[in-house]
Amino acid sequence: MTTTFITGANRSLGYETARRLIEAGHTVLIGARDPERGRAAADALGARFVQIDVTDDASVAAAAAHIEAREGGIDVLINNAGVFGTHNPADQITAADAGEVFDVNVVGIVRVTHAFLPLLRKSAHPVIVNVSSGMGSFAATHDAERVESRNLAPLYTASKAAVTMLTTQYAKSWPDVKVNAADPGYTATDFNGHSGPQTVTEGTDAIVELATIGPDGPTGTFRDRHGEMAW
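A brief look at the structure comes next. Source: prediction; values computed, not measured.

Thoughts on the sheet that holds strand S1 (residues 3-6)
Next, step 1: If you trace the eight strands from one edge of the open sheet to the other, you get S3-S2-S1-S4-S5-S6-S7-S8, paired in mixed fashion. The open sheet terminates on both sides in strands that have one partner only, identified here as strand S3 (48-51) and strand S8 (227-228).
Next, step 2: Pairing of strand S7 (residues 222-224) with S8 involves two bridges; the strand directions are antiparallel. Paired with Arg223 across the bridge in S8 is Glu228.
Next, step 3: In the packing of helix H2 (residues 35-45) onto the sheet, contacts are made with strand S2 (27-32) and S3, and the angle to S3 comes to roughly 160°.
Next, step 4: Sheet strands in contact with helix H3 (residues 57-70) are S1, S2 and S3, and its direction is about 145° off that of S3.

Right under this line is the structure:
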């Protein structure tokens, strides 16, 4: 049975991804910072809760050690935890604002991936899915026909561009691990006050697809629910 660990899985896209993968037969471990919300989500889904704060080295190391002791290893890591950050205009954005966003969205992925890579390498078919965004695509944000071009979010967009590049570099570095990035698309979540036109199920299509690829599946790609994304 495939064992999958998802960060930020107590709500929205992470929660729906967990639900769908459980339905597909995965053993899912719900990663969340808040114990009360994390346990509630895991109990509702029939998953197991693992406390993790992706911004804290000790918390990430403890989560990895806990899973190694209980499960032995994992097959799929989904780096889903993320924050939007400040809504202030660009001239009011501070270094502290940038640090907050990048520590979760980018450094958090490095921190978790580094700690969990030994657990993944115990799998015959290790897979990593990094949840990125079309908001980090140069092509999408410069295409007047796409919604990404009409939204200004300097820190979030820059962090997601970094996530996609980090994904491709990891994929090149580790031929034994399938590493891909998923763009959920404009989905109705807490991030946007549930204003997105897609449902959370539609928003998790690319994540679930990449989490369930076979040994001959892609690596180093950036995909949404319709196929490969332009960068």
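Overview of the nonpolar core
Next, step 1: Ranked by internal contacts, the top residues of the largest apolar core, which has 28 residues, are Phe5, Ile67, Ile74, Leu77 and Phe116.
Next, step 2: Taken together, the elements giving at least two residues each to this core come down to H3, helix H4 (95-120) and helix H6 (154-173).
Next, step 3: Looking at this core, the element that brings in the most residues is H4, giving eight residues.
Next, step 4: Here Phe116 is in contact with Phe5, Ile52, Val60, Ala63, Ala64, Ile67, Ile74 and Leu77, once residues within four sequence places are set aside.
Next, step 5: Counting residues in each nonpolar core, the second largest holds 22 residues, with Ala18, Leu21, Val28 and Ile30 among its members.

Digging into the pairing of S2
Next, step 1: Burial runs high along S2: five of the six residues are buried.
Next, step 2: Of the strand pairs in this sheet, S1 and S2 are connected by four bridges, and their pairing is parallel. By the bridge assignment for S2, Thr3 is matched with Thr27.
Next, step 3: Viewed along the sheet, the connection from S1 through helix H1 (residues 12-23) into S2 turns out right-handed.

Structural notes on the side chain of Asn180
Next, step 1: As for its placement among the helices and strands, Asn180 is situated in strand S6 (residues 178-182).
Next, step 2: Looking at Asn180, the relative accessible area reads 0%, which means it is buried.
Next, step 3: A polar contact is formed between the side chain of Asn180 and the backbone nitrogen of Gly220, at a distance of 3.3 Å.
Next, step 4: Those residues in contact with Asn180 that sit more than four places away from it in its chain are Ile128, Val129, Asn130, Thr167, Leu210, Ile213, Pro218, Thr219, Gly220 and Thr221.

Observations concerning empty space enclosed by the protein
Next, step 1: Counted by the stated rule, this structure contains two cavities of 30 Å³ or more.
Next, step 2: What the largest cavity holds in volume is close to 50 Å³.
Next, step 3: Looking at the lining of the largest cavity residue by residue, the class counts come to six nonpolar, three polar and no charged.
Next, step 4: If you add up the space inside the second largest cavity, you get close to 30 Å³.
Next, step 5: Lining the second largest cavity are Thr7, Val54, Asn79, Ala81, Val104, Gly108, Ile109 and Val112.
Next, step 6: It is H4 that provides the largest number of residues to the lining of the second largest cavity, a total of four residues.
Next, step 7: Partitioned by chemical class, the residues of the lining of the second largest cavity number five nonpolar, three polar and no charged.

Calculation criteria
- Residues numbered from 1 in each chain as written.
- Predicted model: local features only at pLDDT ≥ 70, side-chain atom pairs only at ≥ 80, totals over all residues.
- Heavy atoms only, no water.
- Pairing = 2+ DSSP bridges.
- Helix = DSSP H or I, 4+ residues; strand = E, 2+ residues; numbered from the N terminus.
- Contact = heavy atoms within 4.5 Å.
- Axes fitted to C-alpha atoms, helices over the stretch in contact; angles between N-to-C directions.
- Core = buried A, V, L, I, M, F, W, Y, C linked by side-chain atoms within 4.5 Å.
- Buried < 20%, exposed > 50% of the residue type's maximum accessible area, 1.4 Å probe, protein only.
- Right-handed = clockwise from strand over helix to strand, strands pointing away.
- Polar contact = N/O pair within 3.5 Å; in protein donor to acceptor, adjacent residues only side chain to side chain.
- 1 Å grid on protein atoms, 1.4 Å probe; cavity = no way out; pocket = protein on both sides within 12 Å on 5 of 7 lines; lining within 4 Å.
- Points joined across faces, edges and corners; volume = space filled by probe spheres on them.
- Nonpolar A, V, L, I, M, F, W, Y, C, P; charged D, E, K, R; others polar.

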